[in-house]
Amino acid sequence: MSDLFLGLDEEQLQIRKWVHDFADRVVRPVAAEWDEREETPWPVIEEAARIGLYSLDFVTSCSADPTGLLMPAVMEEMCWGDAGITLAIFGTTLGVSGIVANGTPEQVGEWLPQCFGTPERPALAAFAVSEPDAGSDVSSMRTRAVYDEAADEWVLNGTKTWITNGGIADIHVVVAAVDPALGSRGQASFVVPKGTAGLSQGQKFKKMGIRASHTAEVVLDDVRVPGANLLGGKDRLDERLARAREGRRGQRSQAAMATFEASRPLVGAQAVGIARAAYEYALDYAEARKQFGRAIIENQAVAFKLADMKVAVDAARLLVWRAAWMARNSKPFEAAEGSQSKLFAGETAVRVTEEAIQILGGAGYVKDHPVERWHRDSKIYTIFEGTSEIQRLVIARAISGMHIQ
Ligand SMILES: Cc1cc2nc3c(=O)[nH]c(=O)nc-3n(C[C@H](O)[C@H](O)[C@H](O)COP(=O)(O)OP(=O)(O)OC[C@H]3O[C@@H](n4cnc5c(N)ncnc54)[C@H](O)[C@@H]3O)c2cc1C
C-alpha cells in the first residue's frame, strides 16, 4: 500500500473547514435542543440544503474524490457537531447507496435527485431492510414482493422496523423477499415513493441517543409499485434467481457484500467525530478544572486517560481512512478492512465518551455539558449497520477463510 498518502490537499482542507464551520455555527448550538425535542430538525436540514451541503451535487462530488478521504472527513466534522443531526441530514445516503448499488443507470438518474429534493424543499430517503425477526440475520426477512404480471406491478407486504427516516422519507428503498426459500439471494430492492397507497409509518421509537434522527416502523400493506421500480430490472432479477436456484454463486451477492463493506468506513468516520468531540472537550475541562490546588490534568490518572483517548481517536481515523481509500481505489478488502474500521471506531466512541464523563466528574453526568449526550449518541455505533459482534464475525471469516459461527 505504498501509494496511500494520508494527507488532505488544499481543496479538501477547504471543504473540511467549510463543513466544520457549519457544524460549529449551525449544528452544535442547537444539538441539545433537538436531542430534547426528539424531532427531525427541519430548520437545520433546510439550512444545509440552502448552502448546498445537503445536495446530490455535494454528495456526488465528495464520493468522486479520488482519495476516498473527503467523505469520511466530512462525516467526522458533521458528527463532531452532532451525530443525531448528522443522521437527520445524511441518513438519506443509506437509501441513495441502495439505489446506486442495485439500480440501472437510468434508475439512478431518475431517483437520486428525488432523494434530495431542491434547496427550497429538501427531501429525505430511507433504506428499509431490518424487520422485527430479521436484524443481524437478514436472510430471514418476511416482507414479500409478488409480481402481478397482468398489471406489471409489484405488490409488497410486510413490516420494517428501526428505519431511519421511516415513514417521513420521500423515497423509501425497500428490500423484500421475492423467493424466500433462497434467503438473502432471493431478495430484491424496490423504490416506494411517498404517498404510495398502503405505505405508512408504524410506531416512532423513543431512543437513548441520536434523538434528532427519526427512527420508525414502516408498514407495507398491499403496496403496489410499477415494475420499473424494481432496482436493476426484472431480467437481471430473473437471471439472478435462476442462478441461485441452480446453486450457482453469481458475482451479485459478493458485489452486495463489497458495497456494504465499502459503506462501513463512513459510519466509522461518524463515530470518530463523536469521539474527537468528547476528547477535545475533556482535555479543555481537565486543563481548566482545579482540585487540590492544581489543574486535574496535572494528575497522571487524568492525563493518561487523555493520552489513551487521543491515541484511540487517531487510530480509529487511520483505520477509517485506510478502508475508505482502499474502497475508492478498488483495492480488495482481504481482511474485512471496512468492518475493522467500523468496529474499532464504534467501540472507541463508546469508550472515549465514557472516559470524558469520568474526567468531568459530576459535571459529566448532567446535561449542562454535552458529554453525557455524546455517550448516549455513541452507543448506536456498536449496533446499527452491523453490530460489533457481526463485524467480528465478518473479520474472523475473512482472516480464517472459515465459516465461523
Ligand atoms: C437507531 C437505529 C437506526 C437504524 N436504522 C436502520 C435503517 O435505516 N435501516 C435498516 O434496515 N435498519 C436500521 N436499523 C437496524 C439495525 O441495523 C439493527 O438493529 C441491527 O442490524 C441489529 O439487529 P437487531 O436489532 O435485530 O439485533 P439482533 O440481530 O437481534 O442481535 C441481538 C444481539 O445478538 C447478537 N448476535 C446476533 N447474531 C449473532 C451471531 N451470529 N453471532 C454473534 N452475535 C450475534 C448481536 O450482535 C446483538 O448483540 C437501525 C437501528 C437503530 C437502533
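These numbers come from a predicted model, not from an experiment. Within each chain, residue numbers correspond to sequence positions counted from 1 in written order. The predicted origin of the model limits local features to residues at a pLDDT of at least 70 and limits the giving and counting of side-chain atom pairs to 80 or more, whereas totals for whole chains, interfaces and linings rest on all residues.

**Quick notes on the site of the ligand**
Close to the ligand lie 20 residues; Val129, Gly135, Ser136, Thr387 and Glu389 are nearest. Every element with two or more residues in the shell around the ligand is listed here: strand 1 (125–128), strand 3 (153–164) and helix 13 (388–400). Looking at which domains feed residues into the shell around the ligand, each of domain 2 (125–248) and domain 3 (253–400) supplies at least three. Note on definitions: a residue is near a molecule or strand provided its C-beta atom, placed from the backbone, lies within 6 Å of it. The helix and strand labels rest on DSSP assignments: H or I over at least four residues marks a helix, E over at least two residues marks a strand, and numbering proceeds from the N terminus. Domain boundaries shown here were taken from an automatic or database domain assignment.

**With respect to the domain arrangement of the protein**
What the domain assignment lists for the protein is domain 1 (10–116), domain 2 (125–248) and domain 3 (253–400). The C-alpha-based centres of domain 2 and domain 3 are spaced at 31 Å. The contact rule is simple: place each C-beta atom from the backbone, and if two of them lie within 7 Å, those residues are in contact. Taken together, the contact pairs 6 residues of domain 2 with 7 residues of domain 3.

**A look at the packing of helix 11 (residues 337–360) against helix 12 (residues 371–378)**
To define axes, lines are fitted to C-alpha atoms, for helices over the stretch in contact only, and angles between the resulting N-to-C directions are given on a 0 to 180 degree scale. Remark: helix 11 packs on helix 12, axes separated minimally by 8 Å, with the N-to-C direction vectors making an angle of 160°. Here helix 12 runs roughly antiparallel to helix 11, going by the angle between their axes. In this structure, helix 11 crosses over helix 12, and the sense of that crossing is left-handed. In this structure, helix 11 contributes Ala349, Val350, Thr353, Glu354, Ala356, Ile357 and Leu360 to the contact, and helix 12 contributes Val371, Glu372, Trp374, His375 and Ser378. In this classification, Asp, Glu, Lys and Arg are treated as charged, Ala, Val, Leu, Ile, Met, Phe, Trp, Tyr, Cys and Pro as nonpolar, and every other residue, Gly included, as polar. Among the residues making up the contact of helix 11 with helix 12, the classes are represented as 7 nonpolar, 3 polar and 2 charged. Roughly parallel means an angle under 35 degrees; roughly antiparallel, over 145; roughly perpendicular, 65 to 115; everything else is oblique. Working rule for handedness: look at the near helix, and if it is turned counterclockwise from the far one by less than a right angle, call the crossing left-handed; if clockwise, right-handed.

**Looking at the nonpolar core**
Only buried residues count toward a nonpolar core: Ala, Val, Leu, Ile, Met, Phe, Trp, Tyr and Cys, linked into one set through C-beta atoms within 7 Å. Exposed residues have 12 or fewer other C-beta atoms within 10 Å of their own C-beta, buried residues have 20 or more, and partly exposed residues fall in between, where C-beta atoms are placed from the backbone. Grouped together as the largest cluster of nonpolar side chains are 112 residues, with contacts concentrated most on Phe190, Ala275, Ala278 and Ala316. Residue contributions to this core peak at 14 residues, all from helix 9 (residues 252–288). In this view, Ala275 contacts Val313, Ala316, Thr348, Ala349, Val352 and Thr353; residues no more than four positions away in its chain are not counted.

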